[in-house]
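A look at the structure
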Amino acid sequence: MSSKEHYYADRFDLKILNNILLILKKIGINPPSFDSIQKSIPKNLNLNSNEINHVLKEYKHFLETGNFTALGEFVHKAIILNSIKKGEKLNLINNNGSDNINKPHIFVTGLPRSGTTYLHNFLINNLEYQGLKFWEIISPNSLNIPYILSKSIKKIEAFIAWLLFLYFVPLVQKMHKVKISSYEECWHFLRNYFWCYNYFIQTGFKPFGDLMLNLDISMFYKRYHTYLQTKMINNPKPFILKNPEHMLYLDNIKDVFPSSISICIHRDPLKTIPSYCGMISQVRYLYFGKINRTEIGEFVMNLYQNMINKMNQTKNNKNVIHIPFNQLINEPLEILTYLNNNFNLKIIKGQEKKDIKKNSKLYKNKLRFTLEDFNLNKDDIKNKFSSYYKMYKIN
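Okay, so let's go over this structure. What you are looking at is a predicted structure, and each value in this text was computed from that prediction instead of being measured.

1. Some words on the nonpolar core
Core analysis: the largest hydrophobic core is formed by 102 residues, its most contacted members being F194, W195, Y197, F208 and Y224. Ranked by residue count, the leading element in this core is helix 14 (residues 269–288), at eleven residues. With residues up to four places along the chain from it excluded, the contact list for W195 reads I41, P42, L45, I52, L56, L190, F208, L211, M212, L215 and F220. Counting residues in hydrophobic clusters, the runner-up holds 22 residues, among them F122, I124, Y129 and I261.

Pasting the structure below:
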């Protein structure tokens with residue numbers, strides 16, 4: 001049985017879709033080739049062009065002849081192609097954006113499942129800042145039509161994307177609840193240029209992940225910066241932006257947003273690793289039609305170690321703040337006071353007295369996973385992440 005004939009044992013509907021795509025392939029109706037997609041991928045990066053082209057060639061081989069199901073290949077290519085098309089349109093409007101890099105945006109980051117979503121929303125709700133909602137960040141390109149009509153069209157696009165998300169990976173919604181108006185992650189913007197670490201996380205394609213760890217993505221943060229400036233024309237409040245991937249590119253962020261603040265949140269890996277394994281397993285099931293829990297456990301362990309190592313290589317940056325997750329839960333007002341006293345960030349009057357712990361329940365994971373689910377060992381994790389526990393005072 002070929003790799004394209006994997007069956008979705010727990011999803012008969014996905015099995016049917018996969019079989020339909022296999023039949024279409026047999027009669028010569030194929031999804032877009034990666035070669036056609038590759039033509040639009042930016043390649044003027046800091047690494048040797050031969051190295052970039054080699055990784056792209058391997059990515060094509062991995063996607064079209066590897067372990068992807070016909071459905072998984074179709075979905076991943078559709079995401080890449082749709083995103084790149086939006087990125088091309090975005091380039092056209094960003095050239096005219098204003099240039100003011102001194103607005104103190106805040107970048108929230110940390111290992112996946114460490115509380116970044118809660119921290120992100122907590123800060124937006126308590127500081128005089130704004131955030132990017134799902135319907136905005138997945139369709140950042142300008143439609144060159146009246147704002148009200150443009151907003152309506154983008155919300156319809158977001159609603160369709162949201163429905164597809166609910167259909168293909170429904171259990172992820174129970175772990176990371178997404179709404180049309182919820183504040184979402186910056187990788188949705190960065191994928192418009194293909195080079196986003198999240199593609200490695202989704203697929204596990206190591207050559208791409210290794211390349212992304214060494215990539216300078218300042219040019220994409222500059223485009224992000226220009227996009228934010230155009231958004232601030234109508235609302236001058238600076239942004240609070242969230243993405244676990246930001247911890248890999250803190251130096252790039254400092255170069256492009258020199259006055260901005262990066263806040264890294266740290267939580268016990270014993271809590272975060274099994275939770276993220278559960279989330280990754282849902283995406284891998286969609287792409288590959290089956291999952292290997294042991295492989296996913298090892299992947300997430302290595303992923304976290306690589307992300308921590310990359311973050312620790314960041315140059316001396318006084319505008320990077322590290323906070324433990326437990327402090328966010330138990331002493332949230334102290335975080336606001338610290339930001340107010342040290343960075344002159346204004347707290348919304350009266351907002352800080354709200355029942356913050358009650359609000360934290362909105363972002364709780366409704367699915368529980370254990371270390372044993374992914375053949376992971378508590379002592380092994382404690383040992384491998386011992387320096388991380390000590391450096392960031394994790395209880």
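2. What to know about the environment of Q173
Here Q173 shows up in helix 8 (residues 170–175). Residue Q173 is classed as buried on the basis of its relative accessible area, which comes to 14%. Separated by 61 residues in sequence, Q173 and N234 place their C-alpha atoms 32 Å apart. Setting aside residues up to four positions removed in sequence, Q173 forms contacts with W162, F165, L166 and V178. One polar contact links the side chain of Q173 to the main-chain amide nitrogen of V178, over a distance of 2.9 Å.

3. Things to note about empty space enclosed by the protein
One pass over the full model with this rule turns up one cavity of 30 Å³ or more. Estimated volume of the largest cavity: approximately 50 Å³. Around the largest cavity, the lining residues are L250, I253, K254, F257, P258, S260, I261, S262, N317 and N319. For the lining of the largest cavity, the secondary-structure elements that each account for two or more residues are helix 13 (250–256) and strand 3 (261–266). In terms of residue class, the lining of the largest cavity is built from five nonpolar, four polar and one charged.

4. Quick word on the pattern of salt bridges
As enumerated under the stated definition, the model contains nine salt bridges in all. Here R11 and D13 are joined by a salt bridge, their closest N and O atoms 2.9 Å apart. Among the residues examined, R11 registers a relative accessible area of 17% and is labelled buried. Owing to a relative accessible area of 28%, D13 belongs among the partly exposed residues under this scheme. Residues E64 and K77 are paired through a salt bridge, measuring 2.8 Å at the closest nitrogen-oxygen approach. Here E64 is found in helix 3 (residues 49–65), whereas its partner K77 is found in helix 4 (residues 70–94), with 13 residues between them in sequence. You can call E64 partly exposed: its relative accessible area is 21%. A residue is classified by how much of its surface remains accessible, and K77, at 3% relative accessible area, is buried. Each member of the salt-bridge network shares a partner with another, and the members are K25, E64, E73 and K77.

5. Observations regarding helix 12 (residues 218–231)
Along an α-helix, a turn takes 3.6 residues, which lines up residues three or four apart on a common side. If you check helix 12, its first and last C-alpha atoms are 20 Å apart, about what 14 residues at 1.5 Å a residue would give, namely 20 Å. Burial within helix 12 is extensive, with ten of its 14 residues counted as buried. Every buried residue of helix 12 is listed here: S218, M219, F220, Y221, Y224, H225, T226, Y227, L228 and Q229.

6. Focus on the sheet that holds strand 3
Strand order in the open sheet formed by four strands is 2-1-3-4, with parallel pairing between adjacent strands. Looking at which strands have only one partner, the edges of the open sheet turn out to be strand 2 (240–242) and strand 4 (320–324). Going across the sheet, the axis of each strand differs from the next one's by a mean of 25°, ignoring polarity. In this sheet, strand 3 lies alongside strand 1 (residues 106–110) in parallel orientation, the contact comprising five bridges. Counterpart to G110 in the pairing with strand 3 is I265.

7. A word on the pairing of strand 3
For a regular strand, side chains alternate in direction, first toward one face of the sheet and then toward the other. Counted residue by residue, strand 3 has six buried out of six residues, so it is predominantly covered. The alternating pattern of strand 3 places I261, I263 and I265 on one face and S262, C264 and H266 on the opposite face, and all of these are buried. Of the strand pairs in this sheet, strand 3 and strand 4 are connected by five bridges, and their pairing is parallel. Following the sheet pairing, I265 is matched in strand 4 by I323.

8. Points about the side chain of N141
The topology assignment puts N141 in the loop between helix 6 (134–137) and helix 7 (147–168). With relative accessibility at 4%, the residue N141 sits in the buried group. When neighbours within four sequence positions are excluded, N141 is seen to be in contact with K86, K89, L90 and K154.

Here is what the cut-offs are and how they apply
Residues numbered from 1 in each chain as written. Predicted model: local features only at pLDDT ≥ 70, side-chain atom pairs only at ≥ 80, totals over all residues. Heavy atoms only, no water. Core = buried A, V, L, I, M, F, W, Y, C linked by side-chain atoms within 4.5 Å. Buried < 20%, exposed > 50% of the residue type's maximum accessible area, 1.4 Å probe, protein only. Helix = DSSP H or I, 4+ residues; strand = E, 2+ residues; numbered from the N terminus. Contact = heavy atoms within 4.5 Å. Polar contact = N/O pair within 3.5 Å; in protein donor to acceptor, adjacent residues only side chain to side chain. 1 Å grid on protein atoms, 1.4 Å probe; cavity = no way out; pocket = protein on both sides within 12 Å on 5 of 7 lines; lining within 4 Å. Points joined across faces, edges and corners; volume = space filled by probe spheres on them. Nonpolar A, V, L, I, M, F, W, Y, C, P; charged D, E, K, R; others polar. Salt bridge = Lys/Arg side-chain N within 4 Å of Asp/Glu carboxyl O. Expected span 1.5 Å × (residues − 1). Pairing = 2+ DSSP bridges. Axes fitted to C-alpha atoms, helices over the stretch in contact; angles between N-to-C directions.

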